Amino acid sequence: MHIVVCIKQVPDSAQIRVHPITNTIMRQGVPTIINPYDLFALEEAFKVRDCHGGAVTVLTMGPPMAEQAMRKALTYGADRAILLTDRHFAGSDTLATSFAISQAIAKIGDSFGAPDIVFTGKQTIDGDTAQVGPGIAKRLDLQQLTYITKIASIDLHAREITVERRSEGGTQMLKSKLPCLITMLEGVNTIRRGSLDDALRAARSPILKWSAADAGIEELANCGLRGSPTVVKRVFAPTPRAQKATQIDTTDKTVGHVADEVVASIFTNQPALEGELSSDGSA
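Note that this is a predicted model, so its numbers are computed, not measured. (Residues numbered from 1 in each chain as written. Predicted model: local features only at pLDDT ≥ 70, side-chain atom pairs only at ≥ 80, totals over all residues. Heavy atoms only, no water.)

**Q** For this particular structure, what's the right way to read the state of the cysteines?
**A** Simply put, disulfide is the name for a covalent bond between the sulfur atoms of two cysteines. Applying the stated criterion to the full structure yields 0 disulfides. Note on Cys6: no disulfide assigned, nearest cysteine sulfur contributed by Cys180 at a separation of 13 Å. You can call Cys6 buried: its relative accessible area is 7%. Here Cys180 falls in the buried class, since its relative accessible area comes to 1%. (Disulfide = S-S within 2.5 Å. Buried < 20%, exposed > 50% of the residue type's maximum accessible area, 1.4 Å probe, protein only.)

Following this line, the structure appears as structure tokens:
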């Protein structure tokens, strides 16, 4: 099997800074990590490779410094790493990102064999949109299986995959044809510790760096800020509330007494509410 895993190097969420003019994330000087959700996708890809054989290609789009994430993925056990980097991609929103990555995956298919499965994390911690994975699937006309918790079985002869998907109503069992795109949910596995051989290979292996031209991207107007219809109008921190929370002492009090004090406190702070409830016949 050929498996492609899309990962992203993201700023440490505790130290994110935002550009005051463009409202885009400033990455210079901010510690970076592999998006935590993507590690679940990467480990699941390794598990599929362990069971069915094949190769795992890791792909990311980002600045040259994203090579750090690529080498980390090789250390974990990836067979190949491709960094899609070009100034044309700067400022991409999810629409432009899914376009560029889908083009790169198509190029990967031409160069190394069409992927049977494309894995992504459910979302990234710097955007939290969960749109890029489905966007890639739509552009590549792949079956998309989102919020997957387990791959139950893969039948390569029938080209079918069975997965478990978490939904609001419980767990769904889904069967789909290959190729497909899978977004993995968090907490479903633990990323393995790479072997010494993998670490040595990661240090020696070249990272394939593709520009837009290398990836076969001709429609540059669909990339970067030009291809991003999403506009962030303003980024700001919520204003702290001046009013402090009211604390009710519950020592040696029954639940009923505590409830009465809570209701009394609400009516004291919002006197109009008591009148509204009384006029409705609710109190």
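From this point, the narrative continues.
**Q** Which parts of the structure should I look at to understand the confidence of the model for the protein?
**A** Interpretation of the predicted coordinates at a detailed level should be avoided for regions scoring low in pLDDT. Overall, the prediction assigns the protein a mean pLDDT of 90, with 93% of residues at 70 or greater. Mean pLDDT values for the elements of the protein range from 66 in strand S4 (residues 25–26) up to 98 in strand S1 (residues 2–6). (pLDDT = per-residue confidence, 0-100. Helix = DSSP H or I, 4+ residues; strand = E, 2+ residues; numbered from the N terminus.)

**Q** Would you mind going over the pairing of strand S10 (residues 160–167) with me for this structure?
**A** Along a regular strand, successive side chains alternate from one face of the sheet to the other. The sheet contact formed by strand S9 (residues 143–155) and S10 spans 6 bridges and is antiparallel. The residue bridging Ile154 from the neighbouring strand is Ile161, located in S10. Count of turn residues in the S9/S10 antiparallel hairpin: 4 residues, of which Arg159 carries a positive phi of about 55 degrees. Across 8 bridges, the pairing between S10 and strand S11 (residues 170–177) is antiparallel. The residue bridging Val163 from the neighbouring strand is Leu174, located in S11. (Pairing = 2+ DSSP bridges.)

**Q** Which parts of the structure should I look at to understand the environment of Thr254?
**A** Locating Thr254 in the fold gives a position in the loop between strand S13 (208–210) and helix H6 (255–269). Judged by relative accessible area, which is 45%, Thr254 ranks as partly exposed. Each C-alpha atom of the pair Thr254 and Ala104 lies 64 Å from the other, and the pair is 150 residues apart in sequence.

**Q** I keep staring at the pairing of strand S6 (residues 55–61) and nothing clicks. Help me out?
**A** With respect to burial, S6 is a largely interior element, 7 of its 7 residues being buried. Of the two faces of S6, the one carrying Ala55, Thr57, Leu59 and Met61 and the one carrying Val56, Val58 and Thr60 are both buried. Following the chain from S6 across helix H2 (residues 67–76) to the adjacent parallel strand S7 (residues 80–84), one finds a crossover that is right-handed. (Right-handed = clockwise from strand over helix to strand, strands pointing away.)

**Q** Explain the sheet that holds strand S8 (residues 117–121) here, please?
**A** The strands making up a sheet are joined through hydrogen bonds of the backbone, oriented either antiparallel or parallel. One open sheet holds the 9 strands; their spatial order is S11-S10-S9-S12-S8-S1-S6-S7-S13, and the pairing between them is mixed. Unpaired on one side and paired on the other, S11 and S13 mark the two borders of the sheet. Strand after strand, the sheet turns through a mean of 35 degrees between neighbouring axes, direction not considered. Pairing analysis gives 3 bridges linking S7 to S13, with the strands arranged parallel. (Axes fitted to C-alpha atoms, helices over the stretch in contact; angles between N-to-C directions.)

**Q** Explain the side chain of Ser176 here, please?
**A** Within the secondary structure layout, Ser176 lies in strand S11. The exposure class of Ser176 is buried, given its relative accessible area of 8%. Those residues within four positions of Ser176 in sequence are excluded, and the remaining contacts are Gln143, Leu145, Arg159, Glu160 and Ile161. (Contact = heavy atoms within 4.5 Å.)

**Q** I'm lost on the pattern of salt bridges in this one. Help?
**A** Side chains carrying opposite charge are able to pair once their charged atoms draw close together. Scanning the model with the defined rule gives 13 salt bridges in all. As a salt-bridge pair, Lys8 and Asp126 come within 2.9 Å of each other at their nearest N and O atoms. Of the two residues, Lys8 sits in the loop between S1 and strand S2 (9–11) while Asp126 sits in the loop between S8 and helix H4 (132–140), which places them 118 residues apart along the sequence. Overlapping salt bridges bring together Glu43, Asp50 and Arg192 as one network. (Salt bridge = Lys/Arg side-chain N within 4 Å of Asp/Glu carboxyl O.)

**Q** What am I meant to see in unusual backbone geometry here?
**A** Backbone phi values are negative for most residues with the exception of glycine, while trans is the configuration of most peptide bonds. Backbone torsion omega between Leu178 and Pro179 reads 0 degrees, so that peptide bond is classified as cis. Within the secondary structure, Pro179 sits in the loop between S11 and strand S12 (180–184). We note that Tyr147 has phi near 55 degrees; this positive angle belongs to a residue other than glycine. Tracing the backbone through its elements, the reader meets Tyr147 in strand S9. For Tyr147, a relative accessible area of 30% corresponds to the partly exposed category. Phi is positive for Asp252, close to 55 degrees, though the residue is something other than glycine. Tracing the chain through its elements places Asp252 in the loop between S13 and H6.

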